[in-house]
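Listed below are the residues making up each chain.
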Amino acid sequence: MSGGDQSSPPQNSSDSIEGESPRSFAERYSHLMGRFVHGVELAAATVFALLFATGVIDLVLQILESVRSGTITDPLVVISFIDTGLLLLIIVEVYQTVLAYVEQNNTRKIVRLVIYTGVIAMVRKAIIFRTGEYATLEDALLAAGSYAVIIFSLVALLFVERIYGDDPS
């Protein structure tokens, strides 16, 4: 085996001492499970990338169909495009979060991505909010107030993370 062969796992110092046993079963099992989880994370990233690509194609087809049918000027149709576009942005944020896990980025970056995803999701909910979807005006008001509290809380978290969460590097 040449010194540049990277197909075997790196050995720790105890592996090279004669008479001592190689890595324990628990260490080998842990390494194998770590590789398995890493593979699943990559598969999840691939699924989200494919979902995003499919969603973009679907959005383009929806727009072309509404142009052809003349409904492109209908505000509800335009709102449905915005809704789909924001859903696609959520997919992108989830994809980036999965990649951050795969690349083992720092926790702060992952938290920031999760907050961005939450902000986009709640803005999407606010944009498509319709009072007519609720049984009573009080139900609609409660939902709107809840959305506002969640949005302001997420923005506050993002602000705190930006101000106090700077990396020293």
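To be clear, the structure that these remarks concern was listed above.
In what follows, the accompanying structure is described. (Residues numbered from 1 in each chain as written. Predicted model: local features only at pLDDT ≥ 70, side-chain atom pairs only at ≥ 80, totals over all residues. Heavy atoms only, no water.)

Turning our attention to the packing of aromatic side chains. This model, assessed by the stated rule, comprises 3 aromatic pairs. Plain terms: the ring middles of Phe25 and Tyr29 are 6.1 Å apart, the flat faces sit at 25° to each other, and that makes the pair stacked. Taken together, the residues Phe25 and Tyr29, both in helix H1 (residues 25-69) and 4 residues apart, mark about one turn of the helix. Classification of Tyr29 as partly exposed rests on a relative accessible area of 45%. Look at Phe129 and Tyr147: their rings are 5.9 Å apart centre to centre, the planes differ by 85°, and that puts the pair in the edge-to-face class. One end of the pair, Phe129, is in the loop between helix H3 (107-127) and helix H4 (137-164); the other, Tyr147, is in helix H4, with 18 residues separating them in the sequence. By relative accessible area, which is 19% here, Phe129 ends up buried. (Phe/Tyr/Trp six-rings, centres within 6.5 Å; stacked < 30°, edge-to-face > 60°. Helix = DSSP H or I, 4+ residues; strand = E, 2+ residues; numbered from the N terminus. Buried < 20%, exposed > 50% of the residue type's maximum accessible area, 1.4 Å probe, protein only.)

A few words on helix H2 (residues 75-102). The end-to-end C-alpha distance of H2 is 40 Å, a good match for the 40 Å that 28 residues give at a rise of 1.5 Å each. Between the side-chain oxygen of the N-cap and the backbone nitrogen of Leu76 there are 3.1 Å, and the N-cap of H2 in question is Asp74. Just downstream of H2, Gln104 is the residue with a positive phi angle, here 55°. (Expected span 1.5 Å × (residues − 1). Polar contact = N/O pair within 3.5 Å; in protein donor to acceptor, adjacent residues only side chain to side chain.)

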